[in-house]
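# Coordinate inspection notes
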Amino acid sequence: MKNLILIAMLLISKVYAYSQKIPEDYGYRHLQFKFQNDPVDVIVISKKGEERIPKPLFFFCQGSLPQPVVKYDEKGLYGTLPFDENPFLNDFHIVIVGKPFVPIISDVNKLGKDFMYLKDIENEIPPKGYIERNYLDYYVFRNNFILRQLAKERWVRNRKLVVAGHSEGSSIAVKMAATNKKITHLIYSGGNPYGRIMSILAQSRFTENDSVHDGSNTIDYWKTVVDNSKSISFNGGDSFKTTFDFSQPQNENLSHLKIPVLVTYGTKDWSSPYNDLFRIEAIREKKSNFTFIDYPNLDHNFFPVNEERKPNYEIYNWDKVAKDWLIWLEDSVQ
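Summarised in this report is the structure supplied together with it. Because the structure is predicted, anything quoted here is derived from the model rather than measured.

Here we come to the sheet that holds strand S7 (residues 105-107). The three strands are arranged S5-S4-S7 in an open sheet whose pairing can be described as mixed. The open sheet has two free edges, formed respectively by strand S5 (76-77) and S7, since each of these has just one partner strand. Sheet topology note: the strand S4 (residues 70-73)/S5 ladder contains two bridges and is antiparallel. Of the residues in S5, the one forming a bridge with Asp73 is Gly76.

One can find Ile232 in the loop between helix H6 (214-227) and helix H7 (240-246). Distance from Ile232 to Trp325, taken between C-alpha atoms, is 35 Å for residues 93 residues apart in sequence. Once residues lying within four places of it in the same chain are set aside, the contact partners of Ile232 are Ile131, Glu132, Ser239 and Lys241.

Looking now at the pattern of salt bridges. Here the structure, examined in full by the defined rule, presents 13 salt bridges. Taking the shortest distance from any N to any O, the salt bridge between Arg196 and Asp238 comes out at 2.9 Å. Of this pair, Arg196 sits in helix H5 (residues 196-207) while Asp238 sits in the loop between H6 and H7; the two residues are 42 residues apart in sequence, bridging distant segments of the chain. Overlapping salt bridges bring together Asp38, Lys128, Glu132 and Arg133 as one network.

The element strand S3 (residues 55-61) is largely enclosed, with a buried count of seven among its seven residues. Note that S3 and strand S8 (residues 156-166) share six bridges and pair parallel. Residue Cys61 lies in a different strand from S8, and its bridge partner there is Gly165. Relative to strand S6 (residues 93-97), S3 runs parallel, the two being bridged by four bridges. Of the residues in S6, the one forming a bridge with Phe59 is Val95.

Among the five residues in S6, five count as buried, and that is most of the element. Burial of S6 is two-sided: the residues His93, Val95 and Val97 facing one way and the residues Ile94 and Ile96 facing the other way are all buried. Two strands pair when backbone bridges link them, and strand S2 (residues 38-45) and S6 are joined in this way by four bridges, in the antiparallel orientation. Counterpart to Ile45 in the pairing with S6 is Ile94.

Attention shifts here to the environment of Ser272. Secondary-structure assignment places Ser272 in helix H9 (residues 272-284). What Ser272 contacts, discounting residues up to four positions off in sequence, is Tyr265, Gly266 and Thr267.

When two helices pack together, their arrangement is given by the angle between the helix axes and the distance between those axes. In contact at an axis separation of 9 Å, helix H3 (residues 136-150) and helix H4 (residues 168-179) are set at 60° when each is read in the N-to-C sense. One element, H3, and the other, H4, form an angle in the oblique class. Pair H3 / H4 crosses with right-handed handedness. For the pair formed by H3 and H4, the contact residues are Leu136, Asp137, Tyr139, Val140, Asn143, Asn144 and Leu147 on the first element and Glu168, Ser171, Ile172, Lys175, Met176 and Thr179 on the second. Here the residues of the contact of H3 with H4 sort into six nonpolar, four polar and three charged.

It is worth spelling out the nonpolar core at this point. Judged by nonpolar contacts, the single largest core of 48 residues is most densely connected at Met176, Leu186 and Leu254. In terms of residues, this core owes the most to one element, H3, which gives eight residues. In this view, Leu254 contacts Val174, Leu186, Tyr188, Pro193, Val261, Phe278 and Phe290; residues no more than four positions away in its chain are not counted. Residues Val70, Phe88, Leu89 and Leu262 belong to the second largest nonpolar core, which totals 31 residues.

Let us now look at the sheet that holds strand S11 (residues 290-295). Strand order in this open sheet of eight strands is S1-S2-S6-S3-S8-S9-S10-S11, and the pairing throughout is mixed. Since the sheet does not close on itself, it has two edges, and those belong to strand S1 (29-35) and S11, each with one partner. Strand-to-strand twist in this sheet, taken as the mean axis angle between neighbours without regard to direction, amounts to 20°. Across the sheet, helix H10 (residues 318-331) touches S3, S8, strand S9 (185-189), strand S10 (261-266) and S11, and the angle it forms with S9 is around 155°.

Let us now look at the packing of H5 against H6. Contact pair H5 / H6: the axes reach a minimum separation of 7 Å and the direction vectors enclose 155°. The angle between the axes of H5 and H6 places the two elements in the roughly antiparallel class. The segment H5 lies against H6, with Ile197, Ile200, Leu201, Ser204, Arg205 and Thr207 engaging Asp214, Gly215, Ser216, Thr218, Ile219, Tyr221 and Trp222. In terms of residue class, the contact of H5 with H6 is built from six nonpolar, five polar and two charged.

Moving on, we come to the packing of aromatic side chains. Under the criterion given, the structure shown has 25 aromatic pairs. Arranged with centres 5.9 Å apart and planes meeting at 65°, the rings of Phe58 and Phe92 form a pair that is edge-to-face. Residue Phe58 is located in strand S3, and its partner Phe92 is located in the loop between S5 and S6; the two are separated by 34 residues in the primary sequence. The buried category is assigned to Phe58, whose relative accessible area is 0%. Measuring from ring centre to ring centre gives 6.2 Å for Phe278 and Phe292, while their planes differ by 55°; the resulting arrangement is tilted. Note that Phe278 is positioned in helix H9 and Phe292 in strand S11, a separation of 14 residues in sequence. Classification of Phe292 by relative accessible area gives buried; the value is 14%. Among the aromatic residues, ring-to-ring pairing joins Phe58, Phe60, Phe83, Phe88, Phe92, Tyr295, Phe302, Trp318 and Trp325 into one connected group.

What counts and what doesn't
- Residues numbered from 1 in each chain as written.
- Predicted model: local features only at pLDDT ≥ 70, side-chain atom pairs only at ≥ 80, totals over all residues.
- Heavy atoms only, no water.
- Pairing = 2+ DSSP bridges.
- Helix = DSSP H or I, 4+ residues; strand = E, 2+ residues; numbered from the N terminus.
- Contact = heavy atoms within 4.5 Å.
- Salt bridge = Lys/Arg side-chain N within 4 Å of Asp/Glu carboxyl O.
- Buried < 20%, exposed > 50% of the residue type's maximum accessible area, 1.4 Å probe, protein only.
- Axes fitted to C-alpha atoms, helices over the stretch in contact; angles between N-to-C directions.
- Parallel < 35°, antiparallel > 145°, perpendicular 65-115°, else oblique.
- Left-handed = near helix turned anticlockwise from the far one by under 90°.
- Nonpolar A, V, L, I, M, F, W, Y, C, P; charged D, E, K, R; others polar.
- Core = buried A, V, L, I, M, F, W, Y, C linked by side-chain atoms within 4.5 Å.
- Phe/Tyr/Trp six-rings, centres within 6.5 Å; stacked < 30°, edge-to-face > 60°.

Below, the structure is given as structure tokens:
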């Protein structure tokens, strides 16, 4: 009986230890701040043994959805970034800020669809604090606040400050750069310079036919969004305010930047025509601080697609894209 009790206790302790993972278990630093009285969790990724060596920051803005930054299961760590961060760690400390009121780390078995942290998994409802703060300016002001706090640290070298954002994070990154003169380099990836709604509309036009008027439905939806642009009520997805904010064009904020800017996008992304348009305008205006890299036949997340725009998830191109980012950073001067 005593042996059975001992075995049971050991099993319980192992389960408890597994369920109590913290970022430090994976070699990350976990910093905590307060912004407008909200808790803010920050992950810092550094080269092992060089955590306190002064280096510039590479600040990465997450895309959409209430996902924890660090995800794991019984087999180990999931990819924290969509690309291998190790090549960046020779020259940078990487910083990622968590989503508001979403745990910074979680076992994926406790998450819902698309690794979302949900208060109500059955109805896919995120935490109330996340819903109320999931809009552009909140992220911009919060992130720039975090950058000001980190600039005080001895392990941060402030002569160079890179901000990168993909998808939803691209809009955040642009507006951060437009309002923060300390940012020296911007990587704008998978964004739409003319706003999220244009990408939604482009996708709707592709799927519509004589009997299904998806494009018109999207335009009607946009009218509803505009009429309710301050509403943060949960309606089964992003609030109207979230959609309205991230649909604000960033082309002017982009075009006014004087710092080096890299724009990367897949040509089969719904935003591709709008990146092409912005690229044509940048060439016309002779903006020498912009570099554009397009990836033929790749989608929003750089997967190849067939004629029906269905991605092939077996071919992963993010590391190639990140390598191009790093080459650009090495070549660009400020």
